[in-house]
Amino acid sequence: RYIASTISRNALETALQSRDFSDLDLRGLQADERDLAGLIARRAKLRDAHFERANLSDADFSEANLSNAHLQKANLQNADLTGADVEGADFSGAD
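Residues numbered from 1 in each chain as written. Predicted model: local features only at pLDDT ≥ 70, side-chain atom pairs only at ≥ 80, totals over all residues. Heavy atoms only, no water.

Trainee: What is the right way to look at the overall build of the chain in this model?
Mentor: Check the secondary structure of the chain and you find one helix and zero strands. Radius of gyration (C-alpha) of the chain: 11 Å, near the 12 Å computed for a compact globule of 95 residues. A principal-axis box enclosing the C-alpha atoms of the chain has dimensions of 30 × 20 × 20 Å. For the chain, the proportion of its 95 residues judged to be buried stands at 38%. Within the chain, counting contacts between residues at least 6 apart in sequence, those at least 24 apart form 7% of the total. Of the roughly 5,000 Å² of accessible surface on the chain, a fraction of 40% belongs to carbon and sulfur atoms. (Helix = DSSP H or I, 4+ residues; strand = E, 2+ residues; numbered from the N terminus. Rg over C-alpha atoms; globule rule 2.2 N^0.38 Å. Buried < 20%, exposed > 50% of the residue type's maximum accessible area, 1.4 Å probe, protein only. Contact = heavy atoms within 4.5 Å. Areas by Shrake-Rupley, 256 points an atom, 1.4 Å probe, with all protein chains shown as cover.)

Trainee: Is there a simple way to think about the packing of aromatic side chains in this case?
Mentor: The relation between two aromatic rings is expressed through the spacing of the ring centres and the mutual angle of the planes. Scanning the model with the defined rule gives one aromatic pair in all. Ring geometry for Phe51 against Phe61: centres 6.2 Å apart, planes inclined by 65 degrees, an arrangement best described as edge-to-face. Pair noted here: Phe51 is in the segment after helix H1 (9-18) and Phe61 is in the segment after H1, with a separation of 10 residues, a long-range link. As far as the burial class goes, Phe51 and Phe61 line up, both buried. (Phe/Tyr/Trp six-rings, centres within 6.5 Å; stacked < 30°, edge-to-face > 60°.)

Trainee: For this particular structure, what's the right way to read the nonpolar core?
Mentor: Nonpolar side chains tend to gather and get buried jointly when the protein is soluble and globular. If you look at the biggest cluster of nonpolar residues, it comprises 25 residues, and the most contacted ones within it are Phe21, Leu29, Leu39, Leu46, Phe51, Leu56 and Phe61. With sequence-adjacent residues up to four places away left out, Leu39 is seen in contact with Arg19, Asp20, Phe21, Leu56, Asp58, Ala59, Asp60 and Phe61. (Core = buried A, V, L, I, M, F, W, Y, C linked by side-chain atoms within 4.5 Å.)

Trainee: Please clarify how the pattern of salt bridges should be interpreted in this entry.
Mentor: Think of it this way: side chains of opposite charge can pair up when their charged atoms draw near. In total, this model carries six salt bridges according to the counting rule given. Across the pair Glu33 and Arg53 runs a salt bridge, and its minimum N-O distance is 2.8 Å. Of the two residues, Glu33 is situated in the segment after H1 and Arg53 in the segment after H1; the sequence distance between them amounts to 20 residues. Asp60 is paired through a salt bridge with Arg42; the nearest N and O atoms lie 2.6 Å apart. With Asp60 in the segment after H1 and Arg42 in the segment after H1, this residue pair connects regions lying 18 residues apart in the sequence. With a relative accessible area of 12%, Asp60 lands in the buried category. On the basis of relative accessibility, which here comes to 35%, the residue Arg42 falls in the partly exposed class. Among the ionic contacts, a cluster of salt bridges with common partners joins Glu33, Glu52 and Arg53. (Salt bridge = Lys/Arg side-chain N within 4 Å of Asp/Glu carboxyl O.)

Rendered as structure tokens:
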């Protein structure tokens, strides 16, 4: 189940299907244990998002706001975090 109160459910479903979160405001998104390999999230606002144990391999988080995000035990192999704000993010146990 995905929860993001800042955009409509239809917009969220479209973003999930296309795996493109670029420029979206998804603060507080709940996406624990999801397969989001190849996700494109350039400049996305993902503050306080939950990606615990999610597959984020090959994801592009360049210039995204991941401050205070929960990424414990996430698969981040080959993920691009160039220019991302990761202040306070929890990467414990992440690959």
